[in-house]
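These are the residues of each chain, in order.
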Amino acid sequence: MPSVTYISASGASRTIDVPAGMSIMQAALNHKIKEILGECGGNCMCATCHVYVDDAFLSRIPPAKDNEKFMLSIAAEGPAPNSRLSCQIKMTEELEGIVVRLPGKQK
């Protein structure tokens, strides 16, 4: 099963096995990663699951669609070139070992 490493703004890290097809947001909620709120339930409507994807994995995920780009533009912590909504990243075997950094605040 592929894994995701979540790194908090303070530098604490946690690695979780995530089934293929599950979003990185849902896995975080299931494992009580407190920095991921996911208030809209994964519908790309709130930006409370904002993450910074490690550059080595950016080319392995589909590009952000317009609605995700808009939501990132209003995220609590300014977007960066590697910003994504974790609800829009579905886990695959190709993403094994993906690292996402969590912003200091989600709202």
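One structure accompanies this document, and this report is about it. (Residues numbered from 1 in each chain as written. Predicted model: local features only at pLDDT ≥ 70, side-chain atom pairs only at ≥ 80, totals over all residues. Heavy atoms only, no water.)

## Some thoughts on helix α3 (residues 66–73)
In an α-helix, one turn spans 3.6 residues; hence positions three or four apart end up facing the same way.
Part 1 of the argument: Of all the positions in α3, only E68, M71 and L72 are classed as buried. End-on view of α3: buried residues confined to an arc of 100°, all on one side of the axis. (Buried < 20%, exposed > 50% of the residue type's maximum accessible area, 1.4 Å probe, protein only. Helix = DSSP H or I, 4+ residues; strand = E, 2+ residues; numbered from the N terminus. Arc of directions from axis to C-beta.)

## Notes on unusual backbone geometry
For residues other than glycine, phi is negative in most cases, and the peptide bonds are mostly trans.
Part 1 of the argument: Non-glycine residue C44 carries a positive phi angle of around 60°.
Part 2 of the argument: The topology assignment puts C44 in the loop between α1 (24–30) and β3 (50–53).
Part 3 of the argument: Phi is positive for A47, which is not a glycine, with a value near 65°.
Part 4 of the argument: Positionally, A47 belongs in the loop between α1 and β3.
Part 5 of the argument: Given a relative accessible area of 2%, A47 falls into the buried group.

## Details of the pairing of strand β5 (residues 98–101)
Where a strand is regular, its side chains alternate between the two sheet faces.
Part 1 of the argument: Relative to β5, strand β1 (residues 3–7) is paired through four bridges, and the arrangement is parallel. Considered in β5, the bridge of Y6 is made with V100.
Part 2 of the argument: The pairing of β3 with β5 spans two bridges and is classified as antiparallel. Note that in β5 the partner of Y52 across the bridge is R101. (Pairing = 2+ DSSP bridges.)

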